[in-house]
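Spelled out, the chains give:
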Amino acid sequence: MAKGLFITLEGSEGSGKSTQIEVIKNYLLSRGHKVECVREPGGTPIAEDIRALLKEIREDDRLCDKAELLLMYAARAQLVQTFIKPKLESGIDIICDRHDLSTIAYQGGGRQMNMADIDALRQVVLGSFRPDLTILLDLDVKVGMARARNRGTLDRFEVSKIDFFERVRQAYLDFAKAHEDYVKVISAEDPIETVSQNILKLLEKY
Ligand code: Z5A
């Protein structure tokens, strides 16, 4: 049996990943694929508990950067081992809202953590496992922040300052440039329908 496709969506906050994931799902379903969607951090009961810890702003304790990084990889290990790999093996396509590139962008770029540490953890958790296709939705940081802020209460990541999100965006673009074979950049500043059409064009080509 053919393996499923592993497609990831990346981008900073408000870039429209959750909005566009349905477009990709419907496209694949229309082509006769079996498809499941998940998000990171999260996607299994244990990984969703870790997600809650990661997003919560606590008055009694502050999550330090190293703990944040380890929790991201703990959640990813659980999701990849118990959900993503078995589904792909059984021929089901997986579309994942964020994956390992988010760690490179947020913990590597945003938090300016040591990339060698991140690479070492990736090796332990993922080895050579990587997406077949990553769609990076890129947009001006201020536009993304305004979209996210329209939704109300901010989580532990969303309260970050603009220079944090500028570093995240730059790390994303740098990685995309160095991995053009599977990371494709699409502007997320256009209207929702235009972004969807550009994603569909990319999938047709792919
Ligand atoms: N994180 C990390 O640090 N390291 C890691 O390794 C991983 C994650 C895996 C997860 O939060 C946080 O974890 C994330 C990074 C960190 N934090 N940040 N910031 P999340 O999953 O809750 O948040 P998110 O991934 O950033 O999702 P989001 O803010 O909901 O963004 P989105 O899914 O990309 O956007 P959306 O919900 O589809 O759209 C947001 C709004 O914009 C909504 O009202 C839409 O209708 C609107 N929208 C979308 N597209 C458009 C266009 N084209 N025009 C106008 N309006 C639009």
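This structure is a prediction, so every number in the text was calculated from the model and none was measured. (Residues numbered from 1 in each chain as written. Predicted model: local features only at pLDDT ≥ 70, side-chain atom pairs only at ≥ 80, totals over all residues. Heavy atoms only, no water.)

1. Structural notes on the overall build of the chain
Counted only if it meets this: A helix here means a DSSP run of H or I that spans at least four residues, while a strand means a run of E at least two residues long, and both kinds are numbered starting from the N terminus. Note that the radius of gyration is over C-alpha atoms, with the globule rule given as 2.2 Å times the number of residues to the power 0.38. Contacts: residue pairs with any heavy atoms within 4.5 Å of one another. Every accessible area reported is derived by Shrake-Rupley at a probe size of 1.4 Å, with residue values counting cover from the shown protein chains alone.
Broken down by element type, the chain carries eight helices and five strands. Along the chain, helices (α) and strands (β) appear in the sequence β-α-β-α-α-β-α-α-β-α-α-β-α when read from the amino end. The C-alpha radius of gyration computed for the chain amounts to 16 Å, which stays within 12% of the reference 17 Å derived for 206 residues, consistent with globular compactness. Principal-axis analysis of the C-alpha atoms places the extent of the chain at approximately 50 × 35 × 30 Å. Within the chain, contacts between residues at least 6 apart in sequence are counted, and of these 78% link residues at least 24 apart. Taken as a whole, the chain presents about 10,400 Å² of accessible surface, with 52% of it coming from carbon and sulfur.

2. Quick notes on the layout of surface pockets
What counts here: Throughout, the protein atoms alone are placed on a 1 Å grid, and a set of points is a cavity if a 1.4 Å probe fits but cannot get out or a pocket if it is open with protein on both sides within 12 Å along at least five of seven lines; lining residues have an atom within 4 Å of a point. Grid points are joined across faces, edges and corners, and a volume is the space filled by probe spheres set on the points. Each residue is assigned to one class: nonpolar for Ala, Val, Leu, Ile, Met, Phe, Trp, Tyr, Cys and Pro, charged for Asp, Glu, Lys and Arg, and polar for all the others, Gly among them.
Size it by volume and the largest pocket reaches roughly 770 Å³. As for the largest pocket, its lining consists of 34 residues, and the residues nearest its centre are Glu13, Gly14, Lys17, Asp97 and Arg98. Every element with two or more residues in the lining of the largest pocket is listed here: helix 1 (17-30), helix 2 (45-55), helix 3 (65-89), helix 4 (100-110), helix 6 (141-149) and helix 8 (192-205). Of the residues belonging to the lining of the largest pocket, the class tally is 10 nonpolar, 10 polar and 14 charged.

3. Things to note about helix 3
Operational definition: Expected helix span is given by 1.5 Å per residue-to-residue step, counting one fewer step than there are residues. Bend, at a single residue, is the angle you get between axes fitted to the 7 residues ending at that residue and the 7 residues starting at it. Note on exposure labels: buried denotes an accessible area under 20% of the residue type's maximum, exposed denotes more than 50%, and partly exposed covers the range between, all computed with a 1.4 Å probe on protein chains only.
Taking 1.5 Å as the rise per residue, helix 3 with 25 residues should run 36 Å; its terminal C-alpha atoms sit 34 Å apart, in good agreement. The largest bend along helix 3 reaches roughly 45° and is located at valine 80. Listing the buried residues of helix 3 in full gives Glu68, Leu69, Leu71, Met72, Tyr73, Ala75, Arg76, Leu79, Val80, Phe83, Ile84 and Leu88. Against the buried residues of helix 3 lie strand 1 (6-11), strand 2 (35-39), helix 2, strand 3 (93-97), helix 4 and helix 5 (115-125). Directly after helix 3, the chain includes glycine 91, whose backbone phi takes a positive value near 90°.

4. Notes on unusual backbone geometry
Most peptide bonds adopt trans geometry, and most residues besides glycine take a negative phi value. Cis rather than trans, the peptide bond between glutamate 40 and proline 41 has omega equal to -10°. Within the secondary structure, proline 41 is located in the loop between strand 2 and helix 2. The residue glutamine 112 is not glycine, and still its phi comes out positive at about 60°. With respect to the helices, strands and loops of the structure, glutamine 112 is situated in the loop between helix 4 and helix 5. Of the residues examined, glutamine 112 reaches a relative accessible area of 56% and is grouped as exposed.

5. Regarding the pattern of salt bridges
Here is the rule we go by: In the sections that follow, a salt bridge refers to a side-chain nitrogen of Lys or Arg positioned within 4 Å of a carboxyl oxygen of Asp or Glu.
One pass over the full model with this rule turns up 17 salt bridges. Put simply, aspartate 100 and arginine 122 hold a salt bridge, and the shortest N to O gap is 2.4 Å. Note that aspartate 100 is positioned in helix 4 and arginine 122 in helix 5, a separation of 22 residues in sequence. Residues aspartate 163 and arginine 167 are paired through a salt bridge, measuring 3.8 Å at the closest nitrogen-oxygen approach.

6. Side note on the nonpolar core
Stated precisely, the cut-off is as follows: Among the buried residues, those of types Ala, Val, Leu, Ile, Met, Phe, Trp, Tyr and Cys that are joined through side-chain atoms within 4.5 Å form a nonpolar core.
Ile24, Leu28, Ile135, Leu137, Ile186, Ile199 and Leu203 are the most contacted members of the largest nonpolar core, which totals 18 residues. Going through the elements one at a time, strand 1, helix 1, strand 4 (133-138) and helix 8 are the ones with two or more residues in this core. The residues contacting isoleucine 24, other than those within four sequence positions of it, are Ile7, Leu9, Ile95, Ile135, Ile199 and Leu203. In this structure, Phe6, Leu69, Cys96 and Leu121 belong to the second largest nonpolar core, which totals 17 residues.

7. With respect to the sheet that holds strand 3
The line we're drawing: Paired strands, as defined in this entry, are two strands with at least two bridges between them according to DSSP. Every axis corresponds to a line fitted to the C-alpha atoms, with the helix fit spanning only the stretch in contact, and the corresponding angles, defined between N-to-C directions, vary from 0 to 180 degrees.
An order of 2-3-1-4-5 is seen for the five strands of this open sheet, with the pairing classed as parallel. The outermost strands of the open sheet, each flanked by one partner alone, are strand 2 and strand 5 (183-187). The average undirected angle you get between the axes of adjacent strands in this sheet is 20°. Note that strand 1 and strand 3 share four bridges and pair parallel. The residue bridging isoleucine 7 from the neighbouring strand is isoleucine 95, located in strand 3. Along the sheet, helix 3 makes contact with strand 1, strand 2 and strand 3, crossing strand 3 at roughly 145°. With respect to the sheet, helix 4 is in contact with strand 1, strand 4 and strand 5, its orientation differing from that of strand 1 by roughly 20°.

Any functional reading would require information beyond the geometric quantities listed.
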